[in-house]
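The chain contents come next:
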Amino acid sequence: MLDDSDREEVLALLDADPVANVFVASRVRTVGLNPSRLGGQMWGFGPRGGLVSLCYAGANLVPVNAGREAVQAFAERARKQGRRCSSIVGPATAVEQFWERIEPHWGSARAIRWAQPVMATGSAPIAEPDPLVRRVTPEQFGILLPACVAMFTEEVGVSPDNGDGGALYRSRVAELIRIGRSYARIEDGQVVFKAEIGAVTPQACQIQGVWVHPDYRGRGHAVAGMATVVEQALKYFAPLVTLYVNDYNTPARAAYRRVGFREVDTFMSVLF
């Protein structure tokens with residue numbers, strides 16, 4: 001298990017692939033490696049001074065640069081510790097190998113997303129941005145929250161209100177608004193389009209929570225809205241903008257390509 005004394009070596013490994021590792025790198029840059037602040041543990045594979053792979057073991061379990069030998073070691077540690085995460089997510093090959101080893105011990109998953117294309121762009125959007133998509137203000141929290149809950153439930157298959165009544169999820173939504181990373185088009189007190197910039201490093205940022213109200217789908221709001229978010233992300237946050245999407249979500253993948261995203265990698269997610 002790594003700690004703050006390993007921070008520079010960990011960041012060097014994470015920065016070798018800033019798109020794939022943006023979530024974990026953002027966490028480490030923000031809070032360091034102390035488990036109480038990180039919200040989990042960071043496991044390292046290889047000697048100090050020669051780390052080869054990492055595994056973030058928090059609410060999500062995320063392997064980083066993990067070859068077969070590292071996956072085996074991480075799976076063995078996870079087996080001994082028992083499941084503490086709500087999902088396994090990361091590069092498809094590593095996650096699939098990890099899941100093969102851990103499933104007999106952790107039991108079946110609620111859902112498996114076998115292929116999730118990772119998309120990225122470092123250029124201005126090629127679609128026309130929507131001028132009505134703006135940063136959400138703290139006063140608009142009550143308007144945005146139902147849209148966030150609807151998005152989460154539609155995407156993940158369970159409500160974020162389960163467990164703690166949604167307190168942690170509401171706190172995260174409020175925090176993204178507070179730090180200026182939540183964007184939406186709001187008309188007559190209703191969210192038409194929304195998206196958040198969930199993770200940020202000096203090299204890249206990751207868009208999450210993209211959602212269009214069902215009554216407004218098929219009208220181009222996703223393309224124009226995402227064009228605005230990409231424009232804002234490049235201007236204020238990082239030189240690369242990334243996201244990942246389910247392979248079966250053909251409309252979303254097409255919309256992102258129309259904004260200028262291209263597919264650069266493939267993730268896999270196991271949901272509990």
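Rules of the game
- Residues numbered from 1 in each chain as written.
- Predicted model: local features only at pLDDT ≥ 70, side-chain atom pairs only at ≥ 80, totals over all residues.
- Heavy atoms only, no water.
- Helix = DSSP H or I, 4+ residues; strand = E, 2+ residues; numbered from the N terminus.
- Buried < 20%, exposed > 50% of the residue type's maximum accessible area, 1.4 Å probe, protein only.
- Contact = heavy atoms within 4.5 Å.
- Areas by Shrake-Rupley, 256 points an atom, 1.4 Å probe, with all protein chains shown as cover.
- Lys, Arg positive; Asp, Glu negative; His and termini not counted.
- Charge placed at Lys NZ, Arg CZ, Asp CG, Glu CD.
- UniProt positions renumbered as here; feature names shortened; annotations may be inferred.
- Pairing = 2+ DSSP bridges.
- Axes fitted to C-alpha atoms, helices over the stretch in contact; angles between N-to-C directions.
- Arc of directions from axis to C-beta.
- Expected span 1.5 Å × (residues − 1).
- Salt bridge = Lys/Arg side-chain N within 4 Å of Asp/Glu carboxyl O.

## Some thoughts on the overall build of the protein chain
Secondary structure summary: the protein chain contains 9 helices and 11 strands in total. Taken along its principal axes, the extent of the C-alpha atoms in the protein chain is 55 × 35 × 35 Å. Counting over 272 residues, the protein chain shows a buried share of 49%. For the protein chain, contacts bridging at least 24 residues in sequence account for 68% of all contacts bridging at least 6. Summing over all exposed atoms, the protein chain offers an accessible surface of approximately 12500 Å²; the carbon and sulfur share of this is 50%. With 29 positive and 28 negative side-chain charges, the protein chain shows a spacing of 2 Å between the two charge centroids.

## Focus: the UniProt feature "domain: N-acetyltransferase" (unreviewed entry) in the protein chain
With numbering aligned to this structure, UniProt lists the feature "domain: N-acetyltransferase" (unreviewed entry) at residues 131-272. The annotated region residues 131-272 carries 38% helix and 30% strand content, and the separation between its end C-alpha atoms amounts to 39 Å.

## Describing the sheet that holds strand E11 (residues 262-271)
The mixed open sheet is built from 11 strands, whose spatial order is E1-E2-E3-E4-E11-E5-E10-E9-E8-E7-E6. Two strands in the sheet have a free side with no partner beyond their single neighbour: strand E1 (41-45) and strand E6 (133-135). Adjacent strand axes in the sheet meet at a mean angle of 25°, parallel and antiparallel pairs treated alike. With 3 bridges connecting them, E6 and strand E7 (residues 182-187) associate as antiparallel partners. In the sheet register, Val133 faces E7, and the bridge partner there is Arg185. Where helix H6 (residues 141-156) meets the sheet, it contacts strand E5 (111-121), E7, strand E8 (190-200), strand E9 (205-212) and E11, and its direction lies at approximately 70° from that of E8. Each of E5, E9, strand E10 (241-244) and E11 touches helix H9 (residues 250-259); the most contacted strand, E5, lies at about 10° to it.

## Remarks on the environment of Arg258
Within the fold, Arg258 resides in helix H9. Judged by relative accessible area, Arg258 falls into the exposed class, the value being 55%. With 17 residues separating them in the primary sequence, Arg258 and Val241 have C-alpha atoms 15 Å apart. When neighbours within four sequence positions are excluded, Arg258 is seen to be in contact with Ile126, Ala127 and Val223.

## Quick word on helix H1 (residues 7-15)
If you check which residues of H1 are buried, you get Val10, Leu11, Leu13 and Leu14. Taken end-on, H1 shows its buried residues confined to a sector of 160°, consistent with a single buried face. Turned more than 90 degrees away from the buried face of H1, the exposed residues are Glu8 and Ala12. Check the buried side of H1 and you find it contacts helix H2 (22-31), strand E2 (53-57) and strand E3 (60-64).

## Here's the deal with helix H4 (residues 68-81)
Over its 14 residues, H4 extends 20 Å from the first C-alpha to the last, a length consistent with the 20 Å expected when each residue adds 1.5 Å. Among all positions of H4, only Ala70, Val71, Phe74, Ala75 and Ala78 are buried. Relative to the axis of H4, the buried residues are bounded by an arc of 130° and lie together on one face. Of the exposed residues in H4, those oriented more than 90 degrees away from the buried face are Glu69 and Lys80. Considering only its buried residues, H4 is in contact with E1, E2 and helix H5 (92-106). After H4 finishes, the residue Gly82 shows a positive phi value of roughly 90°.

## Quick look at unusual backbone geometry
For Asn65, which is not glycine, the phi dihedral falls at a positive 50°. Structurally, Asn65 is set in the loop between E3 and H4. Phi is positive for Asp188, which is not a glycine, with a value near 50°. Structurally, the position occupied by Asp188 is in the loop between E7 and E8.

## Some points on the pattern of salt bridges
All chains considered together, the criterion is met by 14 salt bridges. Residue Lys80 pairs with Glu76 through a salt bridge whose shortest N-O separation is 3.9 Å. With Lys80 and Glu76 both in helix H4 and 4 residues apart, the pair spans about one turn of that helix. Given a relative accessible area of 64%, Lys80 falls into the exposed group. Since its relative accessible area comes to 30%, Glu76 is described here as partly exposed. Measuring nitrogen to oxygen at the nearest pair gives 2.9 Å for the salt bridge that ties Glu196 to Lys194.

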